[in-house]
Amino acid sequence: MKILIAKNSGFCFGVRRAVNIALGVSKKSGSVYTIGPIIHNPQVVGELENKGVKVVQKLSDIKTGSIIIRAHGVPKNIFDEAKAKGIKILDATCPFVTRSKNYAEKLAKEGYKIIIIGNPEHPEIKYIFSYLPKNTVILNTNEDIKKLKFFPKIGIITQTTQSPENFIKIASGLLSYSNEFKIFNTICPDAINRQKEAMKMAKKCDVVVIIGGKNSANTKRLASISKKIQKKTYHIETARDLKNKWLKDVEYVGIVAGASTPDWIIKEVIRKIKKEDREAVWKK
Ligand code: SF4
């Protein structure tokens, strides 16, 4: 069996930066919190909790100490409230996510009706939306377009982990809803590279193992892209989820990991696959 590993597997720039900020703070004394998980990987969040970085769901759960703003950002009211309470804030929002928010604010100032292409429930979209006029529209699918009316000017941004195909499909579906458009392609370059790699793996391999948090939008996107091409695509969080039967009589197994998957989990999965392969050969 040959194991192929996607080039862009493991932490992306934004996640590495957020985790390093958290690790740096955890070494100092005092209470450190994040509102919601700092990144979408339960194992990394658990590791950070062991080092003293606690996850709370709301600001009122924090009395003193510091908060680290998660990689996806937090809504403006939470940021402002933390500041007003005198809580020390360490901003680990990914600069690509902040850039999307800045573009959207610029569009609002220029009088565009803002449309965000993304999942309204995702923390990144909640963060960006909180800085925009209340009538900002969030579109998750093409179907949602039908509810819109005509606007003189439309400005578009998209979730950083969006697939380019979905972005193009929804943005082109909007063409008859205005005469003037300003579009910022805010898909993260890292996310695009990973999606291309997932596609390559799916075309080349008999089985593709996607490693990453089940709550991670970018990992789920990789799994769905791969599954469209290779039915035998499996999304796992850790080596424990890997089933030996998936690897039976497989020549090429592809490993693709999401942007918030740490190297140690990837290595564990590879070790388990190699062990299974050795045992399968021995049994033959
Ligand atoms: S995937 Fe891109 S936008 Fe998301 S945290 Fe990583 S670098 Fe930032």
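What you see is a predicted model, and the numbers here were worked out from it, not measured in a lab.

About the criteria used
- Residues numbered from 1 in each chain as written.
- Predicted model: local features only at pLDDT ≥ 70, side-chain atom pairs only at ≥ 80, totals over all residues.
- Heavy atoms only, no water.
- Helix = DSSP H or I, 4+ residues; strand = E, 2+ residues; numbered from the N terminus.
- Contact = heavy atoms within 4.5 Å.
- Domains from an automatic or database assignment.
- Buried area = accessible area lost by both parts, 1.4 Å probe.
- Salt bridge = Lys/Arg side-chain N within 4 Å of Asp/Glu carboxyl O.
- Near = heavy atom within 4 Å.
- Nonpolar A, V, L, I, M, F, W, Y, C, P; charged D, E, K, R; others polar.
- Buried < 20%, exposed > 50% of the residue type's maximum accessible area, 1.4 Å probe, protein only.
- Pairing = 2+ DSSP bridges.
- Axes fitted to C-alpha atoms, helices over the stretch in contact; angles between N-to-C directions.
- Lys, Arg positive; Asp, Glu negative; His and termini not counted.
- Polar contact = N/O pair within 3.5 Å; in protein donor to acceptor, adjacent residues only side chain to side chain.
- Phe/Tyr/Trp six-rings, centres within 6.5 Å; stacked < 30°, edge-to-face > 60°.
- Lys NZ or Arg CZ within 6 Å of the ring centre and 35° of its normal.

**Describing the side chain of Thr233**
- Within the secondary structure, Thr233 sits in strand β11 (residues 233-236).
- Beyond its immediate chain neighbours, meaning those up to four positions away, Thr233 contacts Val208, Ile210, Ala223, Ser226 and Lys227.

**Brief notes about the domain arrangement of the chain**
- Taken domain by domain, the chain comprises domain 1 (2-10 + 190-283), domain 2 (13-93) and domain 3 (96-187).
- If you average the C-alpha positions of domain 2 and of domain 3, the two centres end up 28 Å apart.
- Contacts between domain 2 and domain 3 engage ten residues on the former and ten residues on the latter.
- Between domain 2 and domain 3, the buried area comes to about 780 Å², and carbon and sulfur atoms account for 70% of it.
- The three residues of domain 2 that bury the most area against domain 3 are His72, Lys76 and Thr93, which together make up 52% of that side's buried surface.
- At the junction of domain 2 and domain 3, the tally comes to zero salt bridges.

**Some thoughts on the site of the ligand**
- As a matter of local geometry, the ligand sits amid Cys12, Gly14, Cys94, Phe96, Thr160 and Cys188.
- Among the residues making up the shell around the ligand, the classes are represented as four nonpolar, two polar and no charged.

**So, the pattern of salt bridges**
- Per the counting criterion, the structure on display carries ten salt bridges.
- Here Asp80 ties to Lys76 by a salt bridge, and the two come within 2.8 Å at their closest N and O atoms. Within this pair, Asp80 and its partner Lys76 are both found in helix α3 (residues 76-84), separated by four residues, close to a single helical turn.
- When its relative accessible area of 35% is taken as the criterion, Asp80 is described as partly exposed.
- Members of the salt-bridge network, linked through shared partners, are Lys106, Glu110 and Lys182.

**Description of unusual backbone geometry**
- Phi at Asp249 is positive, roughly 55°, even though this residue is not glycine.
- Looking at where Asp249 falls in the secondary structure, it is placed in the loop between β11 and β12 (252-257).
- Taking relative accessible area as the criterion, Asp249 reaches 69% and is therefore assigned exposed.

**Thoughts on the sheet that holds strand β8 (residues 153-158)**
- Here we have four strands laid out as an open sheet, ordered β7-β6-β8-β9, and parallel in their pairing. Strands at the two margins of the open sheet, each flanked by one partner only, are β7 (137-139) and β9 (180-183). Going from strand to strand, the sheet's axes swing by 25° on average, the running direction of each strand aside.
- With three bridges connecting them, strand β6 (residues 113-117) and β7 associate as parallel partners. Bridge pairing links Ile116 to Ile138 in β7.

**Considering the side chain of Arg70**
- Residue position: Arg70 is located in the loop between β4 (66-69) and α3.
- It is Glu124 that comes nearest to the buried, bridge-free Arg70 among opposite-charge side chains, at 10.0 Å.
- There is a polar contact of 3.3 Å between the side chain of Arg70 and the backbone oxygen of Pro37.
- Here Arg70 is in contact with Ile35, Gly36, Pro37, Ile38, His40, Ala92, Thr93 and Pro123, once residues within four sequence places are set aside.

**Section: the packing of aromatic side chains**
- Summed over all chains, the structure comprises four aromatic pairs.
- Centre to centre, the rings of Phe13 and Phe96 are 6.0 Å apart; their planes meet at 80°, and the pair counts as edge-to-face. One end of the pair, Phe13, is in helix α1 (residues 13-26); the other, Phe96, is in helix α4 (residues 95-109), with 83 residues separating them in the sequence.
- A relative accessible area of 23% places Phe96 in the partly exposed class.
- Between Tyr127 and Tyr131, the ring centres sit 5.6 Å apart and the planes meet at 70°, which makes this aromatic pair edge-to-face.
- With a relative accessible area of 21%, Tyr131 lands in the partly exposed category.
- Lys101 extends its terminal NZ or CZ atom over the ring of Tyr131, reaching a point 4.5 Å from the ring centre.
- The ring centre of Tyr112 lies 4.5 Å from the NZ or CZ of Lys153, which sits over that ring.

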